[in-house]
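# Coordinates in review
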Amino acid sequence: MEQDFEERNRRYQSQIQEFCLMHDTLMSKVFEDKKCTELVLRIILDQDDLIVDHVNCQLDIKNLQGRSIRTDILAHDSKNVIYNIEVQNDDAGADPKRARYNSSLLDANITEAGDKYSQLKETYIVFITKNDVLGKGLPIYHIDRMIKETGEKFKDEAHIIYVNSSIQDETKLGKLMQDFWCKRGEDMNYDVLAERVSFFKEKKEGVNEMCEILDEVKEEGKNEGRLEGRLETLIELVGDGTLSTFKAAEMANMSEEEFKKYL
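So, here is what we can say about the structure in this document. (Residues numbered from 1 in each chain as written. Predicted model: local features only at pLDDT ≥ 70, side-chain atom pairs only at ≥ 80, totals over all residues. Heavy atoms only, no water.)

We now examine the overall build of the protein. Tallying secondary structure elements over the protein gives 9 helices and 6 strands in all. For the protein, buried positions account for 39% of its 263 residues. Relative to all contacts within the protein whose residues are 6 or more apart in sequence, the contacts with residues 24 or more apart total 56%. When the accessible area of the protein is evaluated, it comes to approximately 15,600 Å², of which 49% is carbon and sulfur surface. (Helix = DSSP H or I, 4+ residues; strand = E, 2+ residues; numbered from the N terminus. Buried < 20%, exposed > 50% of the residue type's maximum accessible area, 1.4 Å probe, protein only. Contact = heavy atoms within 4.5 Å. Areas by Shrake-Rupley, 256 points an atom, 1.4 Å probe, with all protein chains shown as cover.)

The subject of this paragraph is the pairing of strand β4 (residues 123-129). With 7 of 7 residues buried, β4 lies mostly within the body of the structure. Residues Thr 123, Ile 125, Phe 127 and Thr 129 line one face of β4 and the alternating positions Tyr 124, Val 126 and Ile 128 line the opposite face, and both faces are buried. In this sheet, β4 lies alongside strand β3 (residues 82-88) in parallel orientation, the contact comprising 7 bridges. Along β4, the bridge assignment pairs Asn 84 with Ile 125. (Pairing = 2+ DSSP bridges.)

Axis separation between helix α3 (residues 34-45) and helix α6 (residues 191-202) bottoms out at 9 Å; the angle between their running directions is 140°. Classified by the interaxial angle, the pair formed by α3 and α6 is oblique. Viewed along their axes, α3 and α6 form a crossing whose handedness is left-handed. Along the contact surface, α3 presents Lys 35, Cys 36 and Leu 39, while α6 presents Val 192, Leu 193 and Arg 196. Classifying every residue of the contact of α3 with α6 gives 4 nonpolar, no polar and 2 charged. (Axes fitted to C-alpha atoms, helices over the stretch in contact; angles between N-to-C directions. Parallel < 35°, antiparallel > 145°, perpendicular 65-115°, else oblique. Left-handed = near helix turned anticlockwise from the far one by under 90°. Nonpolar A, V, L, I, M, F, W, Y, C, P; charged D, E, K, R; others polar.)

Although it is not a glycine, Asn 80 sits at a positive phi angle of roughly 65°. Here Asn 80 is to be found in the loop between β2 (68-77) and β3. Judged by its relative accessible area of 37%, Asn 80 is partly exposed. Non-glycine residue Lys 155 carries a positive phi angle of around 65°. Position of Lys 155 relative to the elements: it lies in the loop between β5 (140-143) and β6 (158-164).

Tracing the chain through its elements places Thr 71 in strand β2. Between the C-alpha atoms of Thr 71 and Ile 61, which are 10 residues apart in sequence, the distance is 7.5 Å. Residue contacts for Thr 71: discarding those within four places in its chain leaves Cys 57, Gln 58, Leu 59, Ile 61, Asn 84 and Glu 86.

The structure is reproduced here in structure tokens:
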């Protein structure tokens, strides 16, 4: 058993060494640490006194129709402001309407029946992007609703921020973006990030955690492949009249409405 364990770790070692904070697998583990998330938010928002109280990584948030987003980082600060931080290597994943959708879904999931609108918490949707998605050559973009006729802020307290990781200069933000692309802790600018990255790449306990995650990702991929194959068969059986959509949905362990989306 020990030999199998070590063999698995050796198999994944080269893959783990190629990870940086722009990669979901490493990013989700590093930012479970509140101090790491706190550092990122302090720099992006330019608020040195910001205190993070709680962090969730890779959390699913669903709407009423069952469609969900998996948040990279969801954090609350000491003033009860909520932050959804997304790392996006694909420009399509940081589309402005994706930001709008994330913002609306966040609002829908942080309110309870009977809450007054005035009780809505202030929210930030933060995209850290591989490329300059908005295309204006800036390191950071702050998006807030405004009253067009007066130029005043609308004050709905829903904010969207895009951070362009391709600009890696000597500012605090530029150095942070350098760290997001570093593969070795020793090359990073910020100690709190460097220590956490080194733990998951060099320490036995951290490497084991990473290997377990990679095993889970591999198994999820197999399960998704099996589900796709089963759905294809069920769709064919519905198409030729062998099964009703209700029965096919039941066999796929989903609602009839969900199954009809695949049709």
